[in-house]
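Coordinate inspection notes
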Amino acid sequence: MKGYSNNNQPQGCNATDVWNAKEARMSFFRHPITNKRPEAKPVSLFEVYQMVRTNRYRLETEGLRQTEGHEAQRMFKGQHLDYVTPSGVFSYCSDQSLVRHSGILCMDLDDLGERVGELKQWLIDDACFSTLLLFTSPRGNGLKWFIPIDLTRCDHKTWFTAVRNYLMATYGLTDKQVDKQCQNPSRACYLSHDPEAYLRTDLIEFF
């Protein structure tokens, strides 16, 4: 499963040759989560990385982590955090409104507890999938993992299922920890503050 196909689509495991990660784009949405209309200009992986690693969402992230109770945190996120759709550009936040797929899959890992730091490094070093972008989730106990997928080999949801099974088998994660609600292409990814966010700079130029 290594390498790229010849038609500008990423091929999954360690794909690094033809598909250009720096050209991948996704839609950006202002909070609250009920806003389903994206900003006019799609954003790049580098731009998402910059938003996460700088202080842009520091106060919101701190406020969320000081909020007690899962439901209260869920409401706080929805009201105060912007979000992106990592898998592509959309005219509206729904699967039916996909304009262009980015060739990216974002896996949402939850409730990792003290394993967050350990898993972050393991995913960066993963031998099968190339980590494009990786950052700690807004609540601080999970990870957002962006990887390339090749849609000429199978569709988005099939890739999601395969990667989900891989994560559970390889890293001992549970069914609950690898969020199965994130299988649809238009799934929102909340942006948070993580000054130690990872970006694969050999594939994604700083510009």
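None of the values given here were measured: they were computed from a predicted structure. (Residues numbered from 1 in each chain as written. Predicted model: local features only at pLDDT ≥ 70, side-chain atom pairs only at ≥ 80, totals over all residues. Heavy atoms only, no water.)

1. Observations regarding the pairing of strand 7 (residues 133–136)
The cut-off we apply is this: Type-normalised accessible area, obtained with a 1.4 Å probe on protein chains alone, sets the label of each residue: buried when under 20%, exposed when over 50%, and partly exposed for intermediate values. Helix numbers and strand numbers start at the N terminus; a helix is a DSSP run of H or I with at least 4 residues, a strand a run of E with at least 2. A pair of strands is treated as paired once DSSP finds two or more bridges between them.
Residues of strand 7 alternate between two faces, with Leu133 and Phe135 on one and Leu134 and Thr136 on the opposite face, all of them buried. By the bridge criterion, 4 bridges tie strand 7 to strand 8 (residues 143–148) in an arrangement that is antiparallel. The residue bridging Phe135 from the neighbouring strand is Lys144, located in strand 8. As consecutive antiparallel partners, strand 7 and strand 8 are separated by 6 residues, and within that stretch Gly140 has a phi angle of approximately 95°, a positive value. Sheet topology places strand 7 next to strand 10 (residues 198–199); 2 bridges connect them, and they run antiparallel. Pairing of Leu134 across the sheet is with Tyr198, part of strand 10.

2. Quick notes on the sheet that holds strand 9 (residues 189–190)
Taken together, the 4 strands give an open sheet; going across it, the order is 2-1-3-9, and neighbouring strands pair in antiparallel fashion. Two strands close off the open sheet at either side, each with one partner strand: strand 2 (43–44) and strand 9. When strand 1 (residues 25–29) meets strand 2, the two strands line up antiparallel, connected through 2 bridges. Paired with Arg25 across the bridge in strand 2 is Ser44.

3. Structural notes on unusual backbone geometry
For the peptide bond that leads from His31 to Pro32, omega is 5°, which places it in the cis range. With respect to the helices and strands, Pro32 occurs in the loop between strand 1 and strand 2.

4. As for the sheet that holds strand 6 (residues 104–109)
We count it as follows: The contact definition used throughout considers only heavy atoms, calling two residues in contact when any of these lie within 4.5 Å. Axis lines are fitted to C-alpha atoms, over the contacting stretch for helices. Their N-to-C directions set the angle, which ranges from 0 to 180 degrees.
Overall, antiparallel pairing links the 4 strands, which are arranged 6-8-7-10 in an open sheet. Whereas interior strands pair on both sides, the edge strands pair on one side only; in this sheet they are strand 6 and strand 10. Across 6 bridges, the pairing between strand 6 and strand 8 is antiparallel. In the strand pairing of strand 8, Asp108 is matched with Lys144. Along the sheet, helix 5 (residues 156–171) contacts strand 6 and strand 8; its crossing angle with strand 6, the most-contacted strand, is approximately 40°.

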